[in-house]
Amino acid sequence: MKDIFSGYEVVTYHEAKALSILMEHYAQSDMCGEAICFGHNNMTGWYYIAFENYSVQIVLDNSRVPMKLLWMTTDFETGEEEFFDSEEEAAAHLDTLE
């Protein structure tokens, strides 16, 4: 995975579009204000916002038309990832992991 904001990077139209969609959802989320990092998974092609203190990510699959936004949780004990259509569903699932 590559951090798309490490140092000076040239940002393509697709990266800028993905970031604008991710930032819009981040700004409207209950987690707005939490520390985040941006990235791109070269294996899946997905762009994401990862929260520094929570095992949740906002993931954008831009290989689809229209682009598909998902909320992903990770169980750090098993490594299992679950995908949800909303922040509320992801938060409820995180509560079951604690």
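Residues numbered from 1 in each chain as written. Predicted model: local features only at pLDDT ≥ 70, side-chain atom pairs only at ≥ 80, totals over all residues. Heavy atoms only, no water.

**Here we look at the pattern of salt bridges**
Formally: In what follows, salt bridge is the name for a side-chain nitrogen of Lys or Arg lying within 4 Å of a carboxyl oxygen of Asp or Glu. Numbering of helices and strands runs from the N terminus, with a helix taken as a DSSP run of H or I at least four residues long and a strand as a DSSP run of E at least two residues long. Type-normalised accessible area, obtained with a 1.4 Å probe on protein chains alone, sets the label of each residue: buried when under 20%, exposed when over 50%, and partly exposed for intermediate values.
This structure, assessed with the given rule, holds one salt bridge. Among the salt bridges present, the one from Asp85 reaches Lys68, with a minimum N-O distance of 3.3 Å. Of this pair, Asp85 sits in the loop between strand 5 (81-84) and helix 2 (87-97) while Lys68 sits in strand 4 (residues 68-74), and the two are 17 residues apart along the sequence. Assessed through its relative accessible area of 54%, Asp85 is described here as exposed. The class for Lys68 is partly exposed, based on a relative accessible area of 27%.

**Brief notes about the sheet that holds strand 2 (residues 47-51)**
Formally: What makes two strands pair is DSSP finding at least two bridges between them. Throughout, an axis means a line fitted to C-alpha atoms (over the contacting stretch in the case of helices), and angles, computed between N-to-C directions, take values from 0 to 180 degrees.
If you trace the five strands from one edge of the open sheet to the other, you get 1-2-3-4-5, paired in antiparallel fashion. Here the strands that pair on one side only, and so sit at the sheet edges, are strand 1 (36-40) and strand 5. Averaged over all pairs of adjacent strands, the angle between strand axes in this sheet comes to 25°, irrespective of strand direction. The pairing of strand 4 with strand 5 spans four bridges and is antiparallel. Of the residues in strand 5, the one forming a bridge with Trp71 is Phe84.

**Structural notes on helix 1 (residues 13-28)**
Put simply, the rule is: Helix span, as expected, comes to 1.5 Å for every residue beyond the first. This arc is built from the directions going out from the helix axis to the C-beta atoms. Contacts are assigned to residue pairs with any non-hydrogen atoms lying within 4.5 Å of each other.
Spanning 16 residues, helix 1 covers 23 Å between terminal C-alpha atoms, matching the ideal 22 Å at 1.5 Å per step. Three or more residues of helix 1 are buried, namely Glu15, Ala18, Leu19, Ile21, Leu22 and Tyr26. Buried positions in helix 1, seen along its axis, are confined to an arc of 165° and lie on one side of it. Of the exposed residues in helix 1, those oriented more than 90 degrees away from the buried face are Tyr13, Ala27 and Gln28. Next to the buried residues of helix 1 lie strand 1, strand 2, strand 3 (56-61) and strand 4.

**Some remarks on the confidence of the model for the chain**
Heads up, the condition is: pLDDT runs from 0 to 100 and stands for how confident the predictor is about each residue.
The pLDDT averaged across the chain works out to 86; a share of 91% of its residues lies at or above 70. Confidence, expressed as mean pLDDT per element, reaches its minimum in the chain at strand 1 with 86 and its maximum at strand 5 with 95.

**Notes on the packing of aromatic side chains**
As a reminder, the rule being used: For Phe, Tyr and Trp, where Trp contributes only its six-membered ring, two rings pair if their centres lie within 6.5 Å, and the inter-plane angle classes them as stacked under 30 degrees, edge-to-face over 60, or tilted in between.
Applying the stated criterion across every chain, the model contains two aromatic pairs. Each ring, one from Trp46 and one from Phe83, has its centre 5.5 Å from the other, and the planes form 90°; the classification is edge-to-face. Of this pair, Trp46 sits in the loop between strand 1 and strand 2 while Phe83 sits in strand 5, and the two are 37 residues apart along the sequence. Note on Phe83: relative accessible area 35%, which makes it partly exposed.

**A short note on the side chain of Thr73**
When you line up the elements, Thr73 lands in strand 4. A relative accessible area of 0% means that Thr73 is categorised as buried. Thr73 has contacts with Ser55, Val56, Glu80, Glu81, Glu82, Phe84, Ala90, His93 and Leu94, leaving out every residue within four places of it along the chain.

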